[in-house]
Amino acid sequence: MNNTRHIISILLENEAGALSRVANLFSARGFNIECLTVAPTEDASLSRLTLVTTGNEDIIEQIVKQLNKLIDVVKLIDLTEGPHIERELMLIKVKATGEQRAEMQRLTDIFRGRVIDVTDSTFTIELTGTSDKLDGFIGAVHSDNILEVVRSGVTGIARGQKSLHV
Amino acid sequence: MELTGAEIVVRCLKEEGVEYVFGYPGGAILHVYDALYNQDDVKHILVRHEQAAAHAADGYARASGKPGVVLVTSGPGVTNAVTGIATAYMDSIPMVVLSGQVPTKLIGNDAFQEVDAVGITRPCVKHNFLVKDVIQLAETIKKAFFIATTGRPGPVLVDLPKDVTAAKTEFTYPRKIKMRSYNPTVKGHTGQIRKAVELIAAARRPMIYTGGGVILGDGSRELVELTRLLGYPITNTLMGLGAYPATDPQFVGMLGMHGTYEANMAMHDCDVLVGIGVRFDDRVTGALDKFCPLAKVIHIDIDPSSISKNVRVDVPIVGSVGSVLRAMITMIREEKFQPDAEALAAWWRQIEQWRAIESLKYNPSTEIIKPQFVIEQLYQVTAGQAIITSDVGQHQMWAAQHYHFDRPRQWINSGGLGTMGFGLPAAMGAKLAFPEQDVACVTGEGSIQMMLQELSTIKQYNTPIKIVNLNNRYLGMVRQWQEFFYEKRYSMTYMDALPDFVKLADAYGHVGMRIDRPADVEGALREAFALKDRTVFLDFITDQEENVFPMIPAGGGQNEMLLAGKDKMVSTHEEGMILV
Ligand SMILES: Cc1ncc(C[n+]2csc(CCOP(=O)(O)OP(=O)(O)O)c2C)c(N)n1
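Residues numbered from 1 in each chain as written. Chains lettered and ligands numbered in written order. Predicted model: local features only at pLDDT ≥ 70, side-chain atom pairs only at ≥ 80, totals over all residues. Heavy atoms only, no water.

Draft legend 1. How the structure looks around the overall build of chain B. Helix and strand counts for chain B stand at 23 helices and 20 strands. Computed over its C-alpha atoms, the radius of gyration of chain B comes to 24 Å, within 12% of the 25 Å expected for a compact globule of 580 residues. In chain B, which comprises 580 residues, the proportion classed as buried is 60%. Pairs at least 24 apart in sequence give 76% of the contacts found in chain B among residues at least 6 apart. Carbon and sulfur atoms form 52% of the exposed surface of chain B, whose accessible area is close to 22,700 Å². Once the 56 positive and 65 negative side-chain charges of chain B are each reduced to a mean point, those two points are 4 Å apart. (Helix = DSSP H or I, 4+ residues; strand = E, 2+ residues; numbered from the N terminus. Rg over C-alpha atoms; globule rule 2.2 N^0.38 Å. Buried < 20%, exposed > 50% of the residue type's maximum accessible area, 1.4 Å probe, protein only. Contact = heavy atoms within 4.5 Å. Areas by Shrake-Rupley, 256 points an atom, 1.4 Å probe, with all protein chains shown as cover. Lys, Arg positive; Asp, Glu negative; His and termini not counted. Charge placed at Lys NZ, Arg CZ, Asp CG, Glu CD.)

Draft legend 2. Local environment of the site of the ligand. Residues and elements named next belong to chain B. Taken together, 17 residues lie near the ligand, and Gln394, His395, Gly418, Ser447 and Gly476 sit nearest. Gly446 places a main-chain nitrogen or oxygen 3.0 Å from an oxygen atom of the ligand. Backbone polar atom of Met477 to an oxygen atom of the ligand: 2.9 Å apart, as the coordinates give it. When the ligand is considered free in solution it has 590 Å² of accessible area, and contact with the protein chains removes 76% of it. Of all the secondary structure elements, the ones that give two or more residues to the shell around the ligand are α16 (394-402), α18 (445-448) and α20 (476-485). Taken together, the residues that form the shell around the ligand break down as seven nonpolar, nine polar and one charged. (Near = heavy atom within 4 Å. Polar contact = N/O pair within 3.5 Å; in protein donor to acceptor, adjacent residues only side chain to side chain. Nonpolar A, V, L, I, M, F, W, Y, C, P; charged D, E, K, R; others polar.)

Draft legend 3. Molecular detail of the interface of chain A and chain B. Listed per partner, the contact involves 20 residues of chain A and 19 residues of chain B. Between chain A and chain B the total buried area reaches about 1,600 Å² when both faces are included, carbon and sulfur atoms providing 44% of it. At the junction of chain A with chain B, the criterion picks out four salt bridges. In this structure, Glu13 of chain A and Arg180 of chain B form a salt bridge, with 2.8 Å as the shortest nitrogen-oxygen distance. For the interface between chain A and chain B, the tally reads 11 residue pairs in polar contact (both at pLDDT 80 or more). A per-class count over the side of chain A that touches chain B returns six nonpolar, six polar and eight charged. (Buried area = accessible area lost by both parts, 1.4 Å probe. Salt bridge = Lys/Arg side-chain N within 4 Å of Asp/Glu carboxyl O.)

Draft legend 4. A look at helix α4 (residues 131-140) of chain A. Residues and elements named next belong to chain A. Taken together, the buried positions of α4 are occupied by Ser131, Leu134 and Phe137. Viewed end-on, α4 has its buried residues packed into an arc of 120°, placing them on one side of the element. Residues of α4 that are exposed and point over 90 degrees away from its buried face: Asp132 and Gly139. Packing partners of the buried residues in α4 comprise β1 (4-13), β5 (84-95), α3 (99-110), β7 (122-129) and β8 (146-151). (Arc of directions from axis to C-beta.)

Draft legend 5. Examining the confidence of the model for chain B more closely. The pLDDT averaged across chain B works out to 96; a share of 97% of its residues lies at or above 70. Across the predicted assembly, pTM comes out at 0.96 and ipTM at 0.92. (pLDDT = per-residue confidence, 0-100.)

Draft legend 6. Summary view of the pairing of strand β3 (residues 43-46) of chain B. Residues and elements named next belong to chain B. For strand β2 (residues 20-23) and β3, the ladder comprises four bridges, and the chain directions are parallel. Counterpart to Gly23 in the pairing with β3 is Leu46. Tracing the backbone out of β2, into helix α2 (residues 30-37) and back to the parallel element β3 gives a crossover that is right-handed. (Pairing = 2+ DSSP bridges. Right-handed = clockwise from strand over helix to strand, strands pointing away.)

Draft legend 7. Focus on the pattern of salt bridges. Scanning the entire structure with this criterion turns up 39 salt bridges over all chains. When the shortest N-O distance is used, the salt bridge between Asp438 of chain B and Lys532 of chain B registers 3.2 Å. Placement of the pair is Asp438 of chain B in the loop between α17 (423-433) and β17 (439-444) and Lys532 of chain B in the loop between α22 (518-530) and β20 (536-541), with a sequence separation of 94 residues. What makes Lys532 of chain B exposed here is its relative accessible area of 55%. Each of Asp58, Glu61 and Lys65 of chain A together with Arg312 of chain B takes part in a single network of salt bridges with overlapping partners.

Draft legend 8. Spatial organisation of the nonpolar core. Core analysis: the largest hydrophobic core is formed by 105 residues, its most contacted members being Leu273, Met328, Leu538 and Phe540 of chain B. Listed in part, the 50 residues of the second largest apolar core include Tyr60, Val72, Met451 and Leu455 of chain B. (Core = buried A, V, L, I, M, F, W, Y, C linked by side-chain atoms within 4.5 Å.)

Draft legend 9. Geometry of the sheet that holds strand β14 (residues 315-318) of chain B. Residues and elements named next belong to chain B. With parallel pairing, six strands are arranged side by side in an open sheet as β11-β10-β9-β12-β13-β14. Here the strands that pair on one side only, and so sit at the sheet edges, are β11 (251-254) and β14. Neighbouring strand axes in the sheet, compared pairwise and without regard to direction, differ in orientation by 15° on average. Relative to β14, strand β13 (residues 296-301) runs parallel, the two sharing four bridges. Each residue of the ladder has a partner; that of Ile300, found in β14, is Ile317. (Axes fitted to C-alpha atoms, helices over the stretch in contact; angles between N-to-C directions.)

Dropping the structure here:
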């Protein structure tokens, strides 16, 4: 069975310790977790948690079942099961001197990023997109020129009328 | 009228109909102990170690079906209880643990006797709570009982900071609780039930395999009705013994590592497997790639995450065992599903051939006490009616094999965690639940010494039980593995300097007996059970190197059983050596 990447989106009771229950589950059962984001929602009693994991069908089935079993998990969907939008924000600080400055600006434009801070020797660039696209950008910059990378982790939402709410 | 948090705790217990609380006091929980003082609705049993509080509450729960309640202080109180909580968690036993905590202002300060109880217990509870405000106290306790006793049951811990138990508020106990994030499915899906029934009716070599879920879900009556209606063979797991009467001819014995030959062979060869309230545990399946290779698998369980966890299931049904089985029975009756009588007769002939091997037979002796013989005599003397608890080791397997349990909740043991020390406090809990019934704890000299101090609690609360100690001077189960898999290098498994158990029993105010001749076994048991109001410690000096047979070595398939006398155990498969 093939390992595939899944984005699981969860509505979680906004209770102390709820996040540790999710994190604990992954470490206790040896499930892989690539990234995890949590933030409040419009409903103060709920947080929205998005996590990215990889595994074969059986493992993903277990992950979903085990998550559902947690008392604090109100609802969840595996976004990758249907059409969805995935976004991640990256802030990247790069060396930018001399000719590099124009080159870096061009690359940023190609990836539809924005230069949001400038010094005489650096650019800080903001980029949003799928994780693949962000990886692509990093790949396009020579590693010697990368000073710092900060990524927000993946968030996502289903396309169309489908929505995750209580 | 306003009540303190501590008074609210006691009122909640009363509202829940709690009869007994098992606990041990300390600083952080003192307000609650004070509230327990001037009332007699809720009785408190003062154990001698918090682990025993959890085991006793657990034994009470397993015997009665009601949740066990534990009360401990912060810090060492709750850490001592962790083994007992984990034991209950692994076997899905309904339990509510109330633990004291340092005052909310001090939490996180490394205060005296502070531990992160919620953090420490998180992996071994169904859920836990830290109550930060007395206003939420009653509702939280209500939720704790609701979560512990519904769906797949389990322990729930409520951590109570000392200031919360001191603060005052109006008390109202919620009648009902609704939680948007917790709603266990009870009724099985009709379409799935139909698929299962069709598969069951078409089976030529069917097998029913049931576990602790049938007992926890009170589905024994339905199970018996369905099994008799079909005429199919049935096996129970270690946790499921008693759900189907062991003396019934359709019962082929326990399955798994030390199950009967006929049960394991029938599992291996069956074409339709009906798993009910089971979790396809590794002690049952053996090597997964060799498990029931020919079978279509139906699995009924209340916990969706149990389904297809270890073994791929063809027809999953999520629901409470009793209600799903009831629906199946109705469907089979109404639509007159008929199993293939001829195929079934041939299947039974095959099973009878396996049964004729008598895989539980052992070499009797008139010189030395065989442990199996003690269990057989125990069965005879108690007319098969006693509640039996056990510890963990060879004695546990012999009790499971040779005491034939005819009713659910009669057999109480730590199957999942395998906790030595469980048996004695669990027996005390069971006796409190059923004071009129005989309760015996089958144990070994290793296990009993892990919770020996509870002989004192048993005296204080006058819960007379019989302790059947199969004393082989070895950590027998470990020694058996060393004999088979480590060329008899008995590393640290010999128990020297054992106490004189007769004197010990006497010191605790009980009756002690030492029995070392087979001829005296029955008489001693009769004498012990005749002493209705006394706890009797029966120290049986048994054959030292007796082994538990039959056995599927770790990593083996269900049809790779080793039988007593016939097979010399050599080494197991290489992959088996890394399994436990
Ligand atoms: C708390 C705990 N520690 C260690 C073990 C590992 N273990 C399993 S069986 C066993 C030996 C038990 O010896 P005894 O109670 O004398 O019973 P016997 O096997 O001799 O019948 C041990 C050490 C365990 N199950 N539980």
